[in-house]
Every structure is written in C-alpha cells, then in structure tokens.
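# Coordinate analysis (summary)
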Amino acid sequence: MTRRPSKTITIKTVAELAGVSPMSVSNVLNNRHKVRESTRQAVMDAVKTLNYSLNPAAKSLAGSGMTRIGLMYRNIENAFLSSILIGSLETTNRMGAQLLLQPLEVGDAGEVAAGIQTLISNGANAILIAPPYCEIANSRGLTKDAPVPIVALSPGDDLTDEYCIRIDDFAAARDMTRYLISLGHKDIGFIRGAEHHLISRTRRDGYIAALQEAGIAIRPELIADGDMSFESGLDAAHTLLSLAPRPTAIFASNDDVAAAVTSLAHRQGLDVPHDLSVAGFDDTPIAVKIWPALTTVRHPGARIASEAATLGIMLARGGDAPAKSATHLDYMLAIRESTAPPSG
C-alpha cells in the first residue's frame, strides 16, 4: 500500500479510519485520559497505516505537561476584542497555562476550520473563539466533534450544544431602550450590528420588544444597518438624521458606531443630548473619551474571557465536564451625559 504523506492527514482522517471520534484520537496520542485497549489499538493501527504524526512543535508541547489554551480572533484593534485578549491572558497566566493565539485574516468558515485544526496541531488542549467566528463555527458544525473542548466567547445568542459565556444581548438592548423611553423618547433610532453577527438580530429584537411593551409604533425607517465600524456609523447616522421627523434618540449596537453618531450630530450643529440623545453598547474606552461621555451597556468582555479561559483550563485538565450550555454574566447600564429628555 502506498502511504499518503503525513502532512495531508489530520486527526479527523485518523478517526475515520479507526472508527472512533477525533476526541478519542487526541486522547490516545496525548495520553490525556484512560481509553479502552481496543480503542487505543485501533487508533495506533490507523496512525501506522496513514503514517500520521503530530508536528514537532505539537509533540514538544504535548510532552511538556503545560496546559495550552488557543484563542481565535480577528481585528484585535476593536476595543471589545482587546478586552477579550486581556481577560484570556491574565487568566491563563494566573492558572499556569499558556495562551496560543490564532488570528484570522478573513474569518470565513474555511479559515475558521483551518484555524481550529492549526491550534490543535500546535498543542492546544482547549480553544476559545471570539464572536462572530464562534457563531460561524457552530452553524457549520465545526465544533461538534472537535477533539478538544471549545468555548464560545460572547456569541449574540445561545448556541446549540456549545459551551458559551455571554450576556443576554436581547435583555440588555431592551433595558437600554426602556431607559430611553423613560426619559420621554418615542422616536428612537436603532443601528444594527453586522449582518453576520447574531447580535444584529438579538439586540434589534430587544429594542423592538421595549417599544412594543410601551405601546410605541415600530417605524422600520428608524432601524438602520451598520457593521460595527465608525465609518458605518457615520452612514447610518446620516440616514437617520435625514428623516422627517428625525429621531430624538439613537441607540447604536456598539460604542464605535455611537461615537460616529455623536460626531455627525456635532457636524450638523445638533447638541448632544439636548437635540439628540445617543446610547451605545459595550462600554469600551471610547465611551468616556468622546464628548459628551456616552451612555452605554457595560459588556464585561474581560470577565467573559476570564470565565471562558477558566472553563477551558478545567476541561483540558480533566475536570468534571458540565453540560454544554450558555452561562449568562451580568451587564449594567452606564448612564452618562449623552442622554437626556427630549427638548420641548
């Protein structure tokens, strides 16, 4: 039999030939857990047939006894993702684990799948995935049979059969909209997140739910599209502020977009908050650097990452595995100077 080069073989290939799960292959190759002798023999026979071996770096890592946690992310310049990196790094350092970073260039399903495999090949014992790539991985079934535990960081909604650490985005958006209504606003604009983020739906639905419970008619033209960037916020704000009547308040799906709304309002000669109230989401550093300081939802990114890293380390070290489900952390409204009752 002609053997294929080992570089074309993955753990999944070995698992398929052996008739076991990828997790079982990983356990055999890394001696993580006790496995049945028949399983071990089937895996080793498949390894021999396929001429498969872990790469040298992964062998070294696996043999060192160090727990390694992979983190997959894109655009660390985003303040919320930066807080995720900080929370992950602080926790892995504190718990004596090592953080392996896997940046994404595009973030499509193919690159996410390749990133998971790269982290596993490089010795990751568990993997944390930032949004929206955790959502992409879940929807494409990339995490279902992964040979190491995978934890989703802050997805916009609960993910099926997945470890998730997140806040309730629907409830947070509803509460912020309720707050704006309590100030007397009825014409409230909303700027959605990027279409491929689940928060585009859950935060919008929370906004709509608050309007409905207050008996305020939904004006579809007051819901504008964004992609979480400052630039998209300028475009969305221009659309909303061109309406007649224009909104007296705008709630944006993140702080960068809210900062753009404030900037455009100033350019148009509008006083924030006298002429226009502005609210954001995340409570990133920009929220207190702009003027006036931004009312926003405090989204605990660093704590989410810390909780996820702790769970990943526990699972990697053979701790009792809890049921795969979502853990909701607390959020709060940070009320600042960018919101006030509507003028007149």
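Heads up: the structure comes first, above all this text.
A quick note: this is a predicted structure, and the numbers were derived from the prediction, not measured. Residue positions within a chain follow its written sequence, with the count starting from 1. Totals for whole chains, interfaces and linings use every residue, but because this is a predicted model, local features are given only for residues with pLDDT of at least 70 and side-chain atom pairs only at 80 or more, for both listing and counting. Side-chain measures were taken over the full set of non-hydrogen atoms in the model, leaving aside hydrogen atoms and water.

## Some words on the environment of Asp45
Put simply, DSSP H or I for four residues or longer makes a helix, DSSP E for two residues or longer makes a strand, and each gets a number counted from the N terminus. Its place among the elements puts Asp45 in helix 3 (residues 37-50). Note: C-alpha distance between Asp45 and Leu17 (28 residues apart in sequence) is 9.1 Å.

## Quick word on empty space enclosed by the protein
It is the rolling of a water-molecule-sized probe over the atoms that shows where space remains empty. Buried and open spaces are told apart on a 1 Å grid over the protein atoms alone, a cavity being a set of points where a 1.4 Å probe fits but cannot get out and a pocket being an open set with protein on both sides within 12 Å along at least five of seven lines. Residues with an atom within 4 Å of a point are the lining residues. Grid points are joined across faces, edges and corners, and a volume is the space filled by probe spheres set on the points. If you walk through the whole model with that rule in mind, you get one cavity of 30 Å³ or more. Asn78, Ala79, Phe80, Asn254, Asp255, Asp256, Asp282 and Thr284 together form the lining of the largest cavity. Of all the secondary structure elements, the ones that give two or more residues to the lining of the largest cavity are helix 5 (79-94) and helix 11 (255-267). Put simply, Ala, Val, Leu, Ile, Met, Phe, Trp, Tyr, Cys and Pro go in the nonpolar bin, Asp, Glu, Lys and Arg in the charged bin, and everything else, Gly too, in the polar bin. Residue composition of the lining of the largest cavity, by class: two nonpolar, three polar and three charged.

## Concerning the sheet that holds strand 9 (residues 277-282)
The criterion for strand pairing is that DSSP finds at least two bridges linking the strands in question. Strand order in the open sheet made by the six strands is 7-6-8-9-10-12, with mixed pairing throughout. With partners counted over all chains shown, the strands left at the sheet margins are strand 7 (223-224) and strand 12 (332-334), one partner each. Here, residues are in contact when the closest pair of their heavy atoms is within 4.5 Å. For helices, the axis comes from a line fit to the C-alpha atoms of the stretch in contact; other axes are also lines fit to C-alpha atoms, and the angle between any two N-to-C directions lies between 0 and 180 degrees. The strands touched by helix 10 (residues 230-241) within the sheet are strand 6 (188-191), strand 7 and strand 8 (249-252), with strand 6 carrying the most contacts at an inclination of about 155°.

## Some details on the pairing of strand 4 (residues 150-153)
Any residue under 20% of the maximum accessible area for its type is buried, any over 50% is exposed, and the rest in between are partly exposed; the area is computed with a 1.4 Å probe on protein chains only. Neither face of strand 4 is left uncovered, since the one carrying Ile150 and Ala152 and the one carrying Val151 and Leu153 both have all their residues buried. In this structure, strand 3 (residues 126-129) lies alongside strand 4, joined through three bridges in parallel fashion. Pairing of Leu128 across the sheet is with Val151, part of strand 4. Regarding the hand of the β-α-β motif, the stretch spanning strand 3, helix 7 (residues 133-139) and strand 4 is right-handed. Across three bridges, the pairing between strand 4 and strand 5 (residues 163-166) is parallel. The partner of Val151 across the bridge, within strand 5, is Tyr163. Crossovers are described as right-handed under a simple rule: with the strands pointing away from the observer, the path leading from the first strand over the helix to the second runs clockwise.

## Some details on the sheet that holds strand 4
Strands sit in the order 2-1-3-4-5-11 across an open sheet of six strands; the sheet is parallel. The open sheet is flanked by strand 2 (97-103) and strand 11 (326-328), the only strands paired with a single partner. Ignoring which end each strand starts from, the neighbouring axes of this sheet average 20° apart. Sheet topology places strand 5 next to strand 11; three bridges connect them, and they run parallel.

## Examining the nonpolar core
Side-chain atoms within 4.5 Å link the members of a nonpolar core, which is a set of buried Ala, Val, Leu, Ile, Met, Phe, Trp, Tyr and Cys residues. With 45 residues, the main nonpolar core has Leu128 and Phe251 as its most contacted residues. Considering each element in turn, this core owes the most residues, eight residues, to helix 12 (residues 301-316). Those residues in contact with Phe251 that lie beyond four places of it in its chain are Ala173, Met176, Thr177, Leu180, Gly189, Phe190, Ile191, Ala279, Gly280 and Phe281. Membership of the second largest hydrophobic core comes to 21 residues, among which are Met72, Ala109, Ile116 and Tyr133.

## What about the packing of helix 10 against helix 11?
The axes of two packed helices give the description: the angle between them and the distance between them. At their nearest, the axes of helix 10 and helix 11 sit 8 Å apart, and the two run at 50° to each other. By the angle class used here, helix 10 and helix 11 are oblique. Pair helix 10 / helix 11 crosses with right-handed handedness. On the side of helix 10, the interface is formed by Phe230, Ser232, Gly233, Leu234, Ala237, His238 and Leu241, while helix 11 contributes Asp256, Val257, Ala259, Ala260, Val261, Ser263, Leu264, Ala265 and Arg267. Split into classes, the residues belonging to the contact of helix 10 with helix 11 amount to 10 nonpolar, four polar and two charged. An angle counts as roughly parallel when it lies under 35 degrees, as roughly antiparallel when it exceeds 145, as roughly perpendicular when it falls between 65 and 115, and as oblique in every other case. Working rule for handedness: look at the near helix, and if it is turned counterclockwise from the far one by less than a right angle, call the crossing left-handed; if clockwise, right-handed.

## Regarding the pattern of salt bridges
Definition used for salt bridges: Asp or Glu carboxyl oxygen within 4 Å of a side-chain nitrogen of Lys or Arg. Per the counting criterion, the structure on display carries 14 salt bridges. The residue Arg201 makes a salt bridge to Asp157 at a minimum N-O spacing of 2.9 Å. Residue Arg201 is located in helix 9 (residues 199-213), and its partner Asp157 is located in the loop between strand 4 and strand 5; the two are separated by 44 residues in the primary sequence. In this structure Asp157 comes out as partly exposed when scored by relative accessible area, which is 23%. One salt bridge in this structure joins Arg174 and Asp175, with 3.8 Å as the shortest N-O distance.

## Side note on the layout of surface pockets
Within this model, the largest pocket holds a volume of roughly 550 Å³. In terms of lining residues, the largest pocket is bounded by 31 residues, among which Asn75, Asn78, Leu81, His197 and Met228 are the most central. Broken down by secondary-structure element, the contributors of at least two residues to the lining of the largest pocket are helix 5, helix 7, helix 9 and helix 10. Element by element, the count of residues in the lining of the largest pocket is highest for helix 7, at three residues. Looking at side-chain class alone, the lining of the largest pocket contains 11 nonpolar, 10 polar and 10 charged residues.

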